[in-house]
Amino acid sequence: MNYLKYPVLVLPLLFLLAMMYGEVFIPPNELFHPEGAYGYILWNIRIPTVIASALIGATLAISGAIMQLLLRNPLMDPYVSGTASGGAFGAVLSYFLLAFNLPFSWIIYVSPIVAFVFSMLSTTFTLLIGRRAGVYGLVIGGVVVSYVFSALISIMLTFLEERFPEVPPLAFWLLGEIEDVPWTSVLILLIIVLSLGVLGTHTARIIDLTSISDDMTLSKNVDPNKFRTLWVVLISLSTAFIVSLAGIIGFIGIIVPHLVRRLGSGSASKLVPYSLVYGAIVMIASQIISDGALGFKLPITAITSLLASPIMMYVLVKGVANTGN
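Below, the structure is looked at part by part.

Here is what the cut-offs are and how they apply
Residues numbered from 1 in each chain as written. Predicted model: local features only at pLDDT ≥ 70, side-chain atom pairs only at ≥ 80, totals over all residues. Heavy atoms only, no water. Helix = DSSP H or I, 4+ residues; strand = E, 2+ residues; numbered from the N terminus. Buried < 20%, exposed > 50% of the residue type's maximum accessible area, 1.4 Å probe, protein only. Contact = heavy atoms within 4.5 Å. Areas by Shrake-Rupley, 256 points an atom, 1.4 Å probe, with all protein chains shown as cover. Core = buried A, V, L, I, M, F, W, Y, C linked by side-chain atoms within 4.5 Å. Phe/Tyr/Trp six-rings, centres within 6.5 Å; stacked < 30°, edge-to-face > 60°. Axes fitted to C-alpha atoms, helices over the stretch in contact; angles between N-to-C directions. Parallel < 35°, antiparallel > 145°, perpendicular 65-115°, else oblique. Left-handed = near helix turned anticlockwise from the far one by under 90°. Nonpolar A, V, L, I, M, F, W, Y, C, P; charged D, E, K, R; others polar. Salt bridge = Lys/Arg side-chain N within 4 Å of Asp/Glu carboxyl O. Patch = residues over 30% accessible without salt bridge, like charges linked within 9 Å, V, L, I, M, F, W, Y side chains within 5 Å. Expected span 1.5 Å × (residues − 1).

### A short note on the overall build of the protein
A count of helices and strands for the protein gives 16 helices and zero strands. The buried share among the 325 residues of the protein stands at 50%. Considering only contacts in the protein between residues 6 or more positions apart, those separated by 24 or more positions represent 76%. For the protein, the computed accessible surface area is about 15300 Å², with 69% contributed by carbon and sulfur atoms.

### A look at the nonpolar core
I56, I66, I178, I207, W231, I249 and I252 are the most contacted members of the largest nonpolar core, which totals 53 residues. At the level of secondary structure, the elements contributing two or more residues to this core comprise α4 (36-70), α7 (134-163), α9 (183-202), α10 (204-212), α12 (224-246), α13 (252-263), α14 (268-293) and α15 (300-318). Sorting elements by how many residues they give to this core places α4 first, with twelve residues. Residues within four places of I207 in sequence aside, it is in contact with I66, L69, L70, G200, F227, W231 and A268. Counting residues in hydrophobic clusters, the runner-up holds 16 residues, among them A84, V145, M156 and L157.

### Section: the packing of aromatic side chains
Centre distance and the angle of the planes are the two values used to describe a pair of aromatic rings. Under the definition given, this model contains four aromatic pairs. Between Y79 and F251 the ring centres are 4.7 Å apart and the planes differ by 55 degrees, which places this aromatic pair in the tilted class. Here Y79 is found in the loop between α4 and α5 (83-93), whereas its partner F251 is found in the loop between α12 and α13, with 172 residues between them in sequence. Using a relative accessible area of 21% as the deciding quantity, one classes Y79 as partly exposed. Between F89 and F118, the aromatic rings sit 4.9 Å apart at their centres with planes inclined by 70 degrees, giving edge-to-face as the arrangement. A residue pair is termed long-range when its members are at least 10 positions apart, and F89 in helix α5 and F118 in helix α6 (residues 106-129) qualify at 29 residues. Overall, F89 belongs to the buried group, its relative accessible area being 10%.

### Details of the packing of α4 against α9
Packing of α4 against α9 leaves a shortest axis separation of 9 Å and a crossing angle of 25 degrees. If you check the angle between α4 and α9, you find them roughly parallel. Where α4 crosses over α9, the handedness of that crossing is left-handed. Two secondary-structure elements touch here, α4 through W43, I47, P48, I51, A52, L55, I56, A58, T59, I62, S63 and I66 and α9 through W183, V186, L189, L190, I192, V193, L196, G197 and G200. Of the residues assigned to the contact of α4 with α9, the class counts are 17 nonpolar, four polar and no charged.

### Concerning the pattern of salt bridges
When their charged atoms lie close together, side chains carrying opposite charge are able to pair. Throughout the structure, instances matching the rule amount to four salt bridges. For K297, the salt bridge goes to E179, with nearest N and O atoms at 3.7 Å. Linking K297 in the loop between α14 and α15 with E179 in the loop between α8 (172-175) and α9, this pair joins segments that are 118 residues apart in sequence. For R228, the salt bridge identified is with D214, shortest N-O distance 2.8 Å. Pair noted here: R228 is in helix α12 and D214 is in helix α11 (residues 214-218), with a separation of 14 residues, a long-range link. R228 gets classed as buried once you look at its relative accessible area, which sits at 14%. Residue classification places D214 among the partly exposed positions, given a relative accessible area of 25%.

### Some thoughts on a nonpolar patch on the surface
On the surface, a cluster of nonpolar side chains totalling about 780 Å² of accessible area is made up of L121, F125, L128, I129, I140, V144, V148, L152 and I155. Elements that contribute at least two residues to the nonpolar patch include exactly α6 and α7. Ranked by residue count, the leading element in the nonpolar patch is α7, at five residues. Counting through the fold element by element, I140 comes out in helix α7. We classify I140 as exposed; its relative accessible area is 51%.

### Considering α13
Counted at 1.5 Å a residue, the expected span for α13 with its twelve residues is 16 Å, and the 17 Å between its end C-alpha atoms agrees. Where α13 is concerned, the buried positions are I252, G253, I254, I255, V256, P257, H258 and V260.

### Some details on unusual backbone geometry
Phi angles above zero are rare outside glycine, and R72 is one such case at about 55 degrees. Within the element layout of this structure, R72 appears in the loop between α4 and α5. When its relative accessible area of 26% is taken as the criterion, R72 is described as partly exposed. Positive phi is not limited to glycine here, since N221 has a value of about 60 degrees. Its place among the elements puts N221 in the loop between α11 and α12. Taking relative accessible area as the criterion, N221 reaches 75% and is therefore assigned exposed.

Okay, structure coming up:
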């Protein structure tokens, strides 16, 4: 377990690098005594955005870890399950309120609600498709649902650009972008992370039992189906808010739990808290690259996809997906 603690030491360094890189590069000497434009950018844009990035990574990592255990599938996360794509569809759909001459500001409040509804709907579709097909069925079902909603999002984005040219470009819904996050959203994200982390740790024993056998869960007087449903709702709600804020950010929920398992333990009591920390680390590192560390901006999901690909191939080649372990 000691191996799990070492990378945490890089978190402060990553945080400082994330403070520096963005559309405007902030010199290291300005980080501790910012003045003028640098001060405004740092306190009103860069710091809340980086904190939000860490919290988003933590949320997605915890969600992926718990989904993998409860659904007995090592390749599940809110992206693969279709939850994120459904949420993005709902968030983009909320922009059609403009057709009814409603104020643009209303979308900020309506978008998370509509995103949640479609996150739940897409997750339900995935579970129905994979219900009798085992582990591969869930993965395939999630991919199908994701493709369907992604296609619908592309159609709607094209329509919105033609019909409402005053609306800023919304292509980030498809590949994720964390930018200009207000402090109020940071506070909501903090509440989400703390809620998932505390509840996940508190119910870790039940999560472990459910990942092994429904009968073992019933022996503790807990209905496994209701327990799964509770977590699906919580994860869908969390993912919906993230999607409404930053678009679709994929594969963090696959990368982090597998990294934690390789370095330490796969039990929920360790997997949940360490996924929280490692999710923040991986997300901040991805954000640094995304924000221009290479000299140009990149979508976040393009980066996380590259990180997740070898992990997914490893799981499939080793046959872990066949056993659900």
